[in-house]
Each structure stands twice: as structure tokens, then as C-alpha cells.
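A closer look at the structure
Here's the letter readout for the chains.
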Amino acid sequence: MADPTLRVEVERRFRRGPTIAAAFELDLAAAQTLVLFGPSGSGKTTILRCLAGLERPDRGRVVAREEIWFDAAANIDVPPQRRRVGYLPQGFALFPHLDVRANIGFGIDDGSSGERASRVDELVRLLRLDGLERRRPGKLSGGQQQRVALARALARRPRLLLLDEPLSALDTPTREALRGELRQLLVAGGVPAIVVTHDRSEALVLGDRVAVMADGAVRQIGSMLEVFDRPADETVARIVGVETVVPGTVLGASEGLVRLRVGEAELVALGEWPVGTAVLVSIRAEDVIVLRETPGAVGTLSARNRLPGRVVSIEPTGSLVRARIDCGFPLVAAVTRPALEELELRPGLSVVALVKAPAVHIIG
Amino acid sequence: MIDWQAVWLSVRLAATTTAVLLVVGMPIAYWIARSRRPWRPLVEAVVALPLVLPPTVLGFYLLVAMGPNGPLGALWAGATGGRLAFSFEGLLVASVIYSLPFAVQPFSVAFAAVDRSLLETSWTLGRSGPATFLRIVVPLSAGGILTGMVLTFAHTLGEFGVVLMVGGNIPGETRTVSIAIYDRVQALDYAGAAATALPLLVVSFAVLAVTYALRGLTVVPWLTRR
């Protein structure tokens, strides 16, 4: 049994542009989805194209299941035709002169014509395209186009799916509606996938694992929760959207707990750090509880961090409201609209912010 | 009164030139549309040269090249034992070169308009470069290919200067319609010139009208996407 790992270590230099240098591994046996996540210009698409064989790296190696796809030193560059990957570029690139059936069947080159037809039928059913078989792509909605593109990619039984911003071509309501659907289709397809996105909610919904890219490099790779809850450094923390990232100093440590000075305040977090270490502290806005300061109302609390402060500003973002609180350092809390009204939050109000110790993440 | 022999020769020359340029012009056009080599402008300039050169200049160089001592003429003589200048084959070579931009430029514009991501997707779906060209590029460029073919046909039909220089005026071999008309006018036979000129005008107009009508019909379904 061959080692079912995709090993990527590539470097691509652009003249008068950035250098993309990424290294990561993906277990292809698990049929998981890896999200390449990062701001635009961080090199996500370049990596995807290098994997598809559409772009030639300047250095490095790409090995899939012990089969060398690319090796700069040995001058090996397997052409896209022989890599058996399903590639979905931005905008899907459906063939506009072919109908849905012809698009799906385009890459099937084995078996009799009867077998090819039944393979197309199978995909039409899997991706719920019944009744649309004779339509041209121009007569399909964005979501239908996406399903056709997925069907076409799956038709060749690819060993790996590569999706470049699969939802960005759709308008916002469709995009939000299709996130969950795409996830289900990827699971149903049973093929390992690498999905490029710059959208945090897309990344969270679509991926089992995430690789965060910044400035042409993979900064952190891990399970979704691992990366979003435990960003490896400040850049990753900013990219994955941990709202509060502030510097602090370790004051003391005992029994797996550390006390930190952060701005004017003191925080308790999990971990073991030498006293005096300068660290970064990240707290997700969702992990902050806001309490109205009412004398005598608070009983005993499990939350270790009780931070009196003053509301600086209130910013609505979708269904959540982001409250900036000055509690010795700037802290962002996300609260729902009903909570905002019940608490009568407004700038200048005195509040107490509660944060459990495990939600305070220390980046060394 | 109509010089049917000349009309038939012109149509034969135009059709053969169009067929040759379809085969020769498409790879050149595809290269121009896709290449990023620094010397691409040089190739483009060579292809476009017949647009600006007087036919007599082009005809002169072709005549020299096709003469018994010229490189083309010697090659031809070595291969077939025959003479290239003042023959139908020589005329065909000259027409192909003279009409090159009329085929290559519309082809190239159409090829360049085909979204690169369609080609890349086809490659990842296992289709080779030539297969992708035939299954994706050609159908999506049908309008431009048709335009190039019609322009080539019409342009060759009306060719005069180059024909005169390299073909001369041999009935059934190199005497095309335009030469025949010129010949009649020189002989002050205006009625004969008019009789031969009219079919040329009618055929040219009919070909262009039918083409534009066809193009309007066939191209629309996939050019009006989204």
C-alpha cells in the first residue's frame, strides 16, 4: 500500500512580484477537505495551479501517493493531463458551446460509449442536475453551474479536487445558501479536496483542515478548530479573525495557569511560560461575556477573568454587534442584538467583561 | 463574351488559397494569440506585411524567389522538375502569402478571445493540446475562422498586382478574372470587360452577404452567454 500522502514543497518566483514558497502535507486517504486560507495575493491560487500542473514552480517537489508530479532537481513536471486532478478555476470555466451532458462527459475517455453515458447519468443524479442535461451553461444559475463544474471534475474519478474560490462567482445570498451544500457535495464525492478561499465563514464551513497562507508562505496548518482557536502567530491570528490580539507579559505561573499583565489589566490563562516572557494574547470576540455592572448582582463565577471597563464603541456586523471595551487594554466582544438591547450598551457605559481562562490564548 | 475560363481559374485559385490558409494560418494564428515570446511582434509584422506593401513589390520579390535561380524556384524544380513562376502553383504560393494577414488576423483575434481557463480546464480533464484546440478553441472561434476564410476568398478573387507579376497572362493557367478584365480594357474591348467584371461583383457581394447572415445566426448562442 503506497503512502497516501500529498507532499508539497514548492517555490514560485514572479519577476517584479512576490515569491511564493509553500510547504505542507495532506493525507489523501481520508478524503478530507483542506482549505487554503489567506488574504488575496498570499499565493493560494499559485499553489493550486502548481498542484494542477498549470504553473511550473521554480524549485521544489510535489509527490502524491509516492508518485512524483513535480521535481525541479530531476526536471520532472507531469503535465496536467496525467495528474488526474479535478480542477475548478474561479468562475468554473464551463464550456459555453457544450450542453450540460457534454460538459460533464468531456473528460471521460475510458470505457464504451454506454459506460460513459451511464457515468454521466450517475453524476447528473449525484449533483441533482436532472432536467438540465440539454441546457447550455449560459442558461444555468450560478449554483447549477457550480454543480455542473463539480460533476465534470468528478467524472474522471480524480485523485484530488482543486477548487479555486468556488463560491466567489456567486452573488452573496446564493453564496451563503450554497456553502453548506458544497460541503455536502464534497463529502458525497468522496475525493480529497483542496479549496482556496479568502472568506472566513467559507473556510470554517468547507474545511476539515486549514492551511493559513500569508505573504506567499503557509504559516500554520492544522484542524479547523486548532488553527482558529490556537493561531500560531500574530499574522495567523489576524488572518483567521481573532479580534483581540494584544501584547502581554508573564507575571507568574502555577499549576498550569499563568498570570499575565496586559495593558493595565491582569489576565489568567492556561499554559506554562517563564516569568517575564513577552507574549501576544489573543481572545476571540465570541468568547467574551459582557455583564452590566449592577452592585451585588453577581454571585460566584467560574470565569477567572473579570475585567471592569468602559464601552468605547458599538459596531454592528451582521447578526452580531461588536463592542469595543477599554478594560485596561482594548478588548472586542461580540454580542447579539437582543443582548445589546437588554444591556442597553452604549459608549461610555461601565461594564464587566468576563473571559474564561482557556479562551485566553497565548502566542509565544 | 464572359471569359468563363478566367472566372473558373479565379474561383479555383481563391478556394485553394482559402483551404491552404485554413491549414497553415490556424497554427500561426494560434501561436500569435498565445505566445509570450519577445519576438512575437516580428512574426506579427511579417504576417501583416502584405497589407502595407504594394503588390508589385511583393510580386517582384516572389518572382525573383520563384525564378529558376531563386530558392523557391530551385526547390520546386528539384521536387517536381517543373517551373514555379508563371504557373498555377506559383500563383497559389503567391496568393497564400499575399492573403496571409486576411486569414491569420481574424483567426488570431478569435483565438485570443477564448478564455484561457477553458483550455486549462480541458488539459486537467485529460485532453491534449491539439484535442483541446479542436474541441474548444475551434468551435468557440467559428465566427472569426469564417470571417478569415471569407476575407481570404474574396481577397484572392480580386487579386491583381501580384498575379500580374508572378503569373503573367496564360489562359487556363494564370489568367485570372482581374487579368482578363485588364486585358480586355487594354484591347479597348469595354463590352467584354464589363461582361467579365459583373460576375466578379455579383459573386463577391453574394459571398459576403451570405457570410454575414450566417455569422449572425450561428455565433449568437454561445457569444451571448451571461
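What counts as what
- Residues numbered from 1 in each chain as written.
- Chains lettered and ligands numbered in written order.
- Predicted model: local features only at pLDDT ≥ 70, side-chain atom pairs only at ≥ 80, totals over all residues.
- Contact = placed C-beta atoms within 7 Å.
- Helix = DSSP H or I, 4+ residues; strand = E, 2+ residues; numbered from the N terminus.
- Nonpolar A, V, L, I, M, F, W, Y, C, P; charged D, E, K, R; others polar.
- pLDDT = per-residue confidence, 0-100.
- Pairing = 2+ DSSP bridges.
- Axes fitted to C-alpha atoms, helices over the stretch in contact; angles between N-to-C directions.
- Expected span 1.5 Å × (residues − 1).
- Buried ≥ 20, exposed ≤ 12 C-beta atoms within 10 Å, placed from the backbone.
- Core = buried A, V, L, I, M, F, W, Y, C linked by C-beta atoms within 7 Å.

In many reports, interface size means the accessible area that the parts give up when they come together. At the junction of the two partners, chain B supplies 18 residues and chain A supplies 19 residues. No other element matches the six residues that helix α6 (residues 116-124) of chain B contributes to the side of chain B that touches chain A. Partitioning the side of chain B that touches chain A into residue classes produces eight nonpolar, five polar and five charged.

Next up on the list: the confidence of the model for chain A. Here chain A averages 87 in pLDDT, while 97% of its residues score no lower than 70. Per-element confidence in chain A ranges from a low mean pLDDT of 75 for helix α7 (residues 224-229) of chain A to a high of 95 for helix α2 (residues 100-105) of chain A.

On to the environment of A197(B). Its location among the elements puts A197(B) in helix α11 (residues 190-218). Taking C-alpha positions, A197(B) is 8.7 Å from I2(B), a pair spaced 195 residues apart along the chain.

Residue and element names in this part refer to chain A. Taken in spatial order, the six strands make up an open sheet running β7-β8-β9-β3-β10-β11, and their pairing is mixed. Each edge of the open sheet is held by one strand with a lone partner, namely β7 (85-88) and β11 (217-223). Across the sheet, the axes of successive neighbouring strands diverge by a mean angle of 15°, strand direction being ignored. Sheet topology note: the β7/strand β8 (residues 160-164) ladder contains four bridges and is parallel. What sits directly across from G86, in β8, is L161.

Next up on the list: helix α4 (residues 142-154) of chain A. Each turn of an α-helix holds 3.6 residues, which means side chains three or four residues apart point in the same direction. Taking 1.5 Å per residue as the helical rise, α4(A) with its 13 residues ought to reach 18 Å, and the 18 Å between its terminal C-alpha atoms agrees with that figure. Among the residues of α4(A), Q145(A), Q146(A), R147(A), V148(A), A149(A), L150(A), A151(A), R152(A), A153(A) and L154(A) are the ones counted as buried.

Residue and element names in this part refer to chain A. With antiparallel pairing, five strands are arranged side by side in an open sheet as β2-β1-β4-β5-β6. The open sheet terminates on both sides in strands that have one partner only, identified here as β2 (19-27) and β6 (76-77). Where strand β1 (residues 5-13) lies against strand β4 (residues 59-64), six bridges are found, and the strand directions are antiparallel. Pairing of E11 across the sheet is with R59, part of β4.

Let us now look at the nonpolar core. Membership of the largest hydrophobic core comes to 122 residues, with the highest contact counts inside it found for L36(A), L51(A) and L162(A). Ranked by residues supplied to this core, first place goes to helix α5 (residues 88-112) of chain B with 13 residues. Sequence-distant contacts of L51(A), that is, excluding residues within four places in its chain, are made with V8(A), V62(A), V85(A), L162(A) and I194(A).

Below, the discussion takes up the pairing of strand β18 (residues 320-326) of chain A. For a regular strand, the rule is simple: side chains alternate between the two faces of the sheet. Residues and elements named next belong to chain A. Where β18 and strand β19 (residues 330-336) come together, seven bridges link them in antiparallel fashion. Considered in β19, the bridge of A323 is made with A333. Counting the residues that bridge the hairpin from β18 to β19 gives three residues, and of these G328 lies at a positive phi of roughly 95°.

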